Amino acid sequence: MPERRALLLLPRGLSGWELGEARALVESAGYQVVDTLWYRRISSSRLLSRAKLEELAAKAERLRGDEDARIIVYDELRPREYFRIVREARVEAIDRTLLILEIFALHAGSKEAKYQIELARLRHRLPLVREAVRLAKMRELPGFLGPGGYAVDKYYKYMVSRMARIRRELERLRERRRKERMKRRSAGLPHVAIVGYASAGKTTIFNQITGLSKPAGDEYFTTVSPKVRAVDMGGVKAALVDTVGFISRIPPEIIEAFYSTLEEAVTADLLLYVLDISEREDALAEKLGEGMEVLRRLGVVGTPLLVAANKSDLVGDGEELERRLRLVEAMASSVYPALRGVIPVSALRGEGLEELRCRLATLLRGMERSTC
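Residues numbered from 1 in each chain as written. Predicted model: local features only at pLDDT ≥ 70, side-chain atom pairs only at ≥ 80, totals over all residues. Heavy atoms only, no water.

## Some words on the overall build of the protein chain
Along the backbone of the protein chain there are 12 helices and 10 strands. Its C-alpha atoms give the protein chain principal-axis dimensions of roughly 75 × 45 × 35 Å. Expressed as a percentage of the 372 residues in the protein chain, the buried residues total 51%. Entry remark: accessible area of the protein chain is about 17400 Å², with carbon and sulfur atoms responsible for 47%. (Helix = DSSP H or I, 4+ residues; strand = E, 2+ residues; numbered from the N terminus. Buried < 20%, exposed > 50% of the residue type's maximum accessible area, 1.4 Å probe, protein only. Areas by Shrake-Rupley, 256 points an atom, 1.4 Å probe, with all protein chains shown as cover.)

## Points about the pattern of salt bridges
Evaluation of the coordinates by the stated rule reveals 29 salt bridges. Notably, a salt bridge pairs Lys59 with Asp35, separated by 3.2 Å at the nearest N-O pair. Taken as a pair, Lys59 in helix α2 (residues 50-60) and Asp35 in strand β2 (residues 31-39) lie far apart in primary sequence, 24 residues in all. A residue is classified by how much of its surface remains accessible, and Lys59, at 22% relative accessible area, is partly exposed. Owing to a relative accessible area of 22%, Asp35 belongs among the partly exposed residues under this scheme. Between Asp269 and Arg185 there is a salt bridge, with its nearest N and O atoms 2.7 Å apart. (Salt bridge = Lys/Arg side-chain N within 4 Å of Asp/Glu carboxyl O.)

## Comments concerning the pairing of strand β8 (residues 270-276)
A large share of β8 lies buried, amounting to seven of its seven residues. The sheet contact formed by strand β5 (residues 191-196) and β8 spans five bridges and is parallel. Bridge pairing in β8 places Val192 opposite Leu270. The pairing of β8 with strand β9 (residues 305-310) spans six bridges and is parallel. Within β9, the position partnered with Leu272 by the bridge is Leu306. A crossover links β8 with its parallel partner β9, the connecting element being helix α10 (residues 281-298), and its sense is right-handed. (Pairing = 2+ DSSP bridges. Right-handed = clockwise from strand over helix to strand, strands pointing away.)

## With respect to the packing of aromatic side chains
For any pair of aromatic rings, the description consists of the separation of the ring centres together with the inter-plane angle of the planes. This structure, assessed with the given rule, holds three aromatic pairs. Aromatic pair Trp17 and Tyr197: ring centres 6.4 Å apart, planes at 75°, arrangement edge-to-face. Placement of the pair is Trp17 in helix α1 (residues 16-28) and Tyr197 in the loop between β5 and α7 (202-210), with a sequence separation of 180 residues. Its relative accessible area of 2% is what places Tyr197 among the buried residues. Residues Tyr82 and Phe83 carry aromatic rings whose centres are separated by 5.1 Å and whose planes lie at 80° to one another, so their mutual orientation is edge-to-face. (Phe/Tyr/Trp six-rings, centres within 6.5 Å; stacked < 30°, edge-to-face > 60°.)

## A short note on the sheet that holds strand β4 (residues 93-95)
Read across the open sheet, the four strands follow the order β2-β1-β3-β4; overall the sheet is parallel. Every other strand in the sheet has two partners, leaving β2 and β4 as the edge strands with one partner each. With strand direction ignored, the average angle separating the axes of adjacent strands in the sheet is 25°. Relative to β2, strand β1 (residues 4-11) runs parallel, the two being bridged by eight bridges. In the strand pairing of β2, Leu7 is matched with Asp35. (Axes fitted to C-alpha atoms, helices over the stretch in contact; angles between N-to-C directions.)

## Quick word on unusual backbone geometry
Positive phi outside glycine occurs at Arg90, with the angle close to 60°. With respect to the helices, strands and loops of the structure, Arg90 is situated in the loop between α3 (79-89) and β4.

## A look at helix α11 (residues 318-335)
Along its 18 residues, α11 runs 26 Å from first to last C-alpha, staying within 8% of the 26 Å computed at 1.5 Å per residue. Among all positions of α11, only Leu321, Arg324, Leu325, Val328 and Ala332 are buried. Mapping the buried residues of α11 onto a view down its axis gives an arc of 105°, with all of them on the same face. Turned more than 90 degrees away from the buried face of α11 sit Glu319, Arg326 and Ser334, all of them exposed. Those residues of α11 that are buried lie in contact with β8, α10, β9 and β10 (339-344). Between the side-chain oxygen at the start of α11 and the backbone nitrogen of Glu319 there is a gap of 3.2 Å, and the oxygen is on Asp317. (Expected span 1.5 Å × (residues − 1). Arc of directions from axis to C-beta. Contact = heavy atoms within 4.5 Å. Polar contact = N/O pair within 3.5 Å; in protein donor to acceptor, adjacent residues only side chain to side chain.)

## A closer look at the packing of α7 against helix α12 (residues 353-365)
Where α7 meets α12, the axes come as close as 11 Å, and the angle between the chain directions of the two elements is 80°. As judged from the angle between their axes, α7 and α12 are roughly perpendicular. Facing Ile205, Gln208 and Ile209 of α7, the residues of α12 in contact are Leu353, Leu356 and Arg357. Here the residues of the contact of α7 with α12 are counted per class, giving four nonpolar, one polar and one charged. (Parallel < 35°, antiparallel > 145°, perpendicular 65-115°, else oblique. Nonpolar A, V, L, I, M, F, W, Y, C, P; charged D, E, K, R; others polar.)

## Focus: the nonpolar core
Ranked by size, the top nonpolar core spans 96 residues in total, and within it Leu9, Leu56, Ile71, Ile85, Leu271, Tyr273 and Leu305 carry the most contacts. Broken down by element, the residue count for this core peaks at 11 residues, all from helix α5 (residues 111-137). Leaving out residues up to four positions away in the same chain, Leu56 has contacts with Leu7, Leu9, Leu37, Leu48, Ile71, Ile85 and Ala89. Residues Val231, Val274, Val345 and Leu360 belong to the second largest nonpolar core, which totals 23 residues. (Core = buried A, V, L, I, M, F, W, Y, C linked by side-chain atoms within 4.5 Å.)

Written out as structure tokens, the structure reads:
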């Protein structure tokens, strides 16, 4: 995939791991950052000061005329701020939500995933087009931003109609997924959903347990549609489901559009939460907290949860690993009482997976202690 050029706008106050995540997302979307601009939000409704806008315009000059170039604002970008930025810089802009959706689109293979991404994009852009209609009627819409007022108004109506149609189609696909899930349950297959932060190694663990070779890597969101496989774990057959990864401050548009996918976690009998144990401790705590918050927002309460502390081979020594495992267990149990333990694994090397299968089988049998 050829890289596109981008000017990255970053809010001040990001922690080290958040900055790393921002750059990882930009790279996963296929952008090459040619310059960076730091800003401090003026208020809840206003992003950039006049002086910062002028600085942005100067930095954006090298991108003008390149249709693929973007200004990436790693923040929530409201319609009025979008038009202020694009009017001043004369380069198309996207915010954090649209950046995430671009990554999703790169990995979308199923019809359902493509519909979900389109719905999230339309829902996110609707206020922007509503503002464009207002500006067009006031004759303030810059010409390079698009067609005249009538065309913008017509496009707004098309968007509303298209969103309704996609929702109906997604509901049909969701019902089909529900029937498939009920069919598996009627065959006696309990469901184990693999959840966790993006790029923690969920798909690698899924591949190791199932023997499949689904795409996996360091890029964010290599899994957009759920992958389901019936597996035998210590004499217990179960349906193992790989789900879309979590991320900090996950936008509500994505939660809504991808609910039929995330529902696999809501309806699961057991959750396997994959965590990168090699992360810095501040990132470890933040990402674990963000993941638990996503589960709470989805309505997941009381489902037994086992943590797979992945990439344990990257932790310095045995003593340090034990300390981190105790830390994770203490943090997780404090916010999720249904925690059933923390197992160190290295999905890439295949280490610890037998113990993981054993513990999963034990939990599925409803036993208190492992007999493997």
